[in-house]
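The residues making up each chain are set out below.
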Amino acid sequence: MIDNICLAFASLFANKLRALLTMLGIIIGIGSVIGIVTVGDSLTGSLTDSMNSIGASNITVSLQRKSSGEDGALMFGRSTPGSDDLITPAMIEDYRTQLGSRVESIALSRQVGSGTVSSGEDSASVTVTGVNADCQAVDNVTMTSGRFIRDEDGERMVAVVSDVFVESVFPTAREVLGQTFDVEVNGRLLRLYIAGVYEYQDDGTVSVDGSDPVTTVYIPIEAARRVLGESEGYQSLTVVGASTEDSTALLDDTEAFFASYYTHNDSYTVAAGSLETMLSTMAEMMSTVKLAVAAIASISLLVGGIGVMNIMLVSITERTREIGVRKALGARNSAIRVQFITEAVVICLVGGAVGIALGVGLGAAGASMLGYPARPSVAAMLLAAGFSMVIGVFFGYYPANKAAKLDPIEALRYE
Amino acid sequence: MSTPIIEMHGIVKTYFEGRPNELEILHGIDLVVQPGEFVSIVGESGSGKSTLMNLIGALDRPTRGSYRLDGVDVSGASSRQLSDIRNRKIGFVFQNFNLIGRSNAQKNVELPLLYAGVPPRERAKRAKSLLELVGMQDRARHRPAELSGGQKQRVAIARALACDAPLLLADEPTGALDTATSRSVMDLFHTLHREQGKTILLITHNPQLAAETDRVITLIDGRITREEKGGGRVD
């Protein structure tokens, strides 16, 4: 066997360009599959990692328009939810009583808008968001001084600002807690009292002009509601399950709970979702893509395999005399067959190996271009190697068998 | 008396049997070669010389007649058995050497041993000693393309000796060589015959070379027409 492998490599090196061209089909086929799989795995792998860190199991409950294909009510339904459609505090209270033991926190938030705070020549850009106390846990807010928004704050105009904000607006102040500042949001001037300062966390976004980042100013959600002049109720909320809770089950129960309030609502219902469910949807999509690429690659491999078969037939014709000599020296038909199948397998395996290397290289390059660490899949590589071997055996068998069946006299006489 | 190396009786070889273009090449050959003999078969082209050589070499089976090689029946052997017979019983020497171009001299000599299933270390050892026997020990790593005609034929003879086959079958071994080289190759055959007691069958169209052997068999139109004692080696 080792002799056959050495022999196969010898004949490969004897015709380097030809061998390379023959392998090309295999290289492209295997390379594209490995490349796509590497990019895909890197993508899903990194997303899983990052989502676990930001809380993939957080459940977002939000209002959704009912899709009613049958009567076209969608077209005439209210396009924005009215006050009757919103999730009411009463529903949330009920939810807390019924499922509270399984829930760690329920975060409510409402964007008020973005605005500018000026102090002297300096100014800071902020977004003002109304939140409840539970948002601290959900958003991973770390306080450096003072306190976060409390539910007792009600409609009071207190604010929790970032340390970055403090540095630019109150650069000299020794104590900012209790200070007031004015912020213009949506054409309205709000005067807010600083109740706490949180540590700004760089989320990786770089401001274009190098100015200070836009930070969030948290105010009580009731205050936000009053500022916006909206009715009591929420379009969405975030539920964090207890750590022992199965998030999928909680998600289903949460959706069922809120949806029960909307069975008679023509236009709206609630839907619950989590990054986890999004992630599995994405993984499904990814596997569909992989399957499609595998299908295309298998065509390339088929073409490559036919190329291998073709070159083996050529090689056998060229080496007819050699085959005759081998037979005269006592090679059994099986020995000749094994020799040429080995040669085909070696071509395919070398092609496969180059393809794997190329695929991993391109996949890693692609992944890093998308900003994800590369994760080459060992299983895919082994599978690819196995598959190239199968191609070699499959497409090498016919030529090898042809060689094995050559008549030694004819073969010896061949010029 | 010991078993003859070649024992052929009433060998007939017909091509295209049963078809309109049926062609009988050999019309009943009887040939017995005893161990240790150096026999030559001479004949013009078209005399059936090659066909007879193919039969003796177990590359083909006779249409009719019986052929025993070193006591083994060849006429009824399967293709797999023929392979093994060729491997163990016959050492081929061809006119155009037929060395494998990609392999070096030693690997070429090892080839029959490979098919005989001899382990690598032993193969190498045997190949080296055979190359030494034919005076080619310094060229073991050379490829056929790097060897002269006479050197190639020496390597080919070493290869023919590899499995220590009872019969050395040489088909026009000097046909592609100049006179001086031919001489040295013939001398090698004589040495092998005399010192190793090899049974050698030389097929040639050259009467002078044939005359050096113990026995000369002349083949004309598929029949053995003459058998005479050769003069042996002329020094």
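Residues numbered from 1 in each chain as written. Chains lettered and ligands numbered in written order. Predicted model: local features only at pLDDT ≥ 70, side-chain atom pairs only at ≥ 80, totals over all residues.

**Quick look at the overall build of chain A**
Broken down by element type, chain A carries 13 helices and 10 strands. For chain A, long-range pairs separated by at least 24 residues make up 83% of all intrachain contacts whose partners lie at least 6 apart in sequence. (Helix = DSSP H or I, 4+ residues; strand = E, 2+ residues; numbered from the N terminus. Contact = placed C-beta atoms within 7 Å.)

**A few points about the interface of chain A and chain B**
On the side of chain B, 18 residues touch chain A, which itself brings 16 residues to the contact. Looking at the side of chain A that touches chain B, the elements with two or more residues in it are helix H1 (2–14), helix H10 (320–328), helix H11 (333–369) and helix H13 (408–413) of chain A. Class assignment of the residues belonging to the side of chain A that touches chain B gives a composition of 9 nonpolar, 3 polar and 4 charged. (Nonpolar A, V, L, I, M, F, W, Y, C, P; charged D, E, K, R; others polar.)

**Structural notes on the environment of Lys152(B)**
All names here are of chain B. Of note, Lys-152 is situated in helix H5 (residues 149–161). Sequence separation between Lys-152 and Leu-99 is 53 residues, and the spatial gap between their C-alpha atoms is 7.6 Å. Beyond its immediate chain neighbours, meaning those up to four positions away, Lys-152 contacts Phe-97, Leu-99, Pro-144 and Leu-147.

**Examining the packing of helix H3 (residues 105–115) of chain B against H5(B)**
All names here are of chain B. One can describe the packing of H3 onto H5 by two numbers: an axis separation of 7 Å at closest approach and a directional angle of 30 degrees. Overall, the two elements H3 and H5 adopt an arrangement that is roughly parallel. Where H3 crosses over H5, the two elements pack in a sense that is right-handed. Mapping the contact onto sequence places Ala-105, Asn-108, Val-109, Leu-111 and Pro-112 in H3 and Val-155, Ala-158 and Arg-159 in H5. Class assignment for the residues of the contact of H3 with H5 results in 6 nonpolar, 1 polar and 1 charged. (Axes fitted to C-alpha atoms, helices over the stretch in contact; angles between N-to-C directions. Parallel < 35°, antiparallel > 145°, perpendicular 65-115°, else oblique. Left-handed = near helix turned anticlockwise from the far one by under 90°.)

**Comments concerning the packing of helix H9 (residues 275–318) of chain A against helix H12 (residues 378–404) of chain A**
Residues and elements named next belong to chain A. Two numbers describe how H9 lies on H12: the axes approach to 9 Å, and their chain directions differ by 25 degrees. Taken together, the axes of H9 and H12 are roughly parallel relative to one another. The handedness of the crossing between H9 and H12 comes out as right-handed. On H12, the residues that touch Leu-301, Gly-305, Ile-306, Val-308, Met-309, Met-312, Leu-313 and Ile-316 of H9 are Ile-391, Gly-392, Phe-394, Phe-395, Gly-396, Tyr-398, Pro-399, Lys-402 and Ala-403.

**Here's the deal with unusual backbone geometry**
Residue and element names in this part refer to chain B. In the Ramachandran plot, Phe-97 falls in the positive-phi region, its phi being about 65 degrees despite a non-glycine side chain. Mapped onto the elements, Phe-97 comes out in the loop between strand S6 (90–93) and H3. Given 22 C-beta atoms within a 10 Å radius, Phe-97 is considered buried. Positioned with a positive phi, Asn-98 is a non-glycine residue whose angle comes to about 55 degrees. Looking at where Asn-98 falls in the secondary structure, it is placed in the loop between S6 and H3. Taking the number of C-beta atoms within 10 Å as the measure of exposure, Asn-98 has 22 and is therefore buried. (Buried ≥ 20, exposed ≤ 12 C-beta atoms within 10 Å, placed from the backbone.)

**A word on the sheet that holds strand S10 (residues 223–229) of chain B**
All names here are of chain B. Sheet architecture is open: 6 strands sit in the order S6-S7-S8-S3-S9-S10, paired in mixed fashion. Only two strands of the sheet have a single neighbouring strand rather than two, namely S6 and S10. The mean angle between the axes of side-by-side strands here comes to 20 degrees, regardless of whether they run parallel or antiparallel. The sheet contact formed by strand S3 (residues 38–42) and strand S9 (residues 215–220) spans 4 bridges and is parallel. Of the residues in S9, the one forming a bridge with Ser-40 is Val-216. (Pairing = 2+ DSSP bridges.)

**Digging into the confidence of the model for chain B**
Residue and element names in this part refer to chain B. Mean pLDDT for chain B: 89, with 97% of residues reaching 70 or above. The lowest-confidence element of chain B is S10, averaging 82 in pLDDT; the highest-confidence one is S3, averaging 93. Interface confidence for the predicted complex, expressed as ipTM, amounts to 0.92; the pTM equals 0.70. (pLDDT = per-residue confidence, 0-100.)

**Overview of the confidence of the model for chain A**
Here chain A averages 82 in pLDDT, while 91% of its residues score no lower than 70. Model confidence for chain A, summarised as mean pLDDT per element, is weakest for helix H3 (residues 73–76) of chain A at 46 and strongest for H10(A) at 93.

**A word on the sheet that holds strand S2 (residues 23–33) of chain B**
All names here are of chain B. Pairing is antiparallel across the open sheet formed by 4 strands, whose spatial order is S2-S1-S4-S5. The open sheet is flanked by S2 and strand S5 (72–73), the only strands paired with a single partner. Across 2 bridges, the pairing between strand S4 (residues 64–69) and S5 is antiparallel. Across the sheet, residue Arg-68 finds its bridge partner in S5, namely Asp-73.

**Concerning helix H7 (residues 221–228) of chain A**
Restricting attention to buried positions, one finds in H7(A) the residues Ile221(A), Glu222(A), Ala223(A), Ala224(A) and Val227(A). Phi turns positive, to about 65 degrees, at Gly229(A), one or two residues after H7(A).

**Structural notes on the pairing of strand S8 (residues 199–204) of chain B**
Residue and element names in this part refer to chain B. In terms of burial, S8 is a largely internal element, 6 of the 6 residues being buried. Residue alternation in S8 divides its side chains into two sets, Thr-199, Leu-201 and Ile-203 and Ile-200, Leu-202 and Thr-204, and both sets are buried. Relative to S8, S3 runs parallel, the two being bridged by 5 bridges. Paired with Ser-40 across the two strands is Leu-202, which belongs to S8. Bridging between strand S7 (residues 167–171) and S8 involves 5 bridges; their strand directions are parallel. Each residue of the ladder has a partner; that of Leu-167, found in S8, is Thr-199. Crossover handedness for the path S7 to helix H6 (residues 179–196) to S8: right-handed. (Right-handed = clockwise from strand over helix to strand, strands pointing away.)

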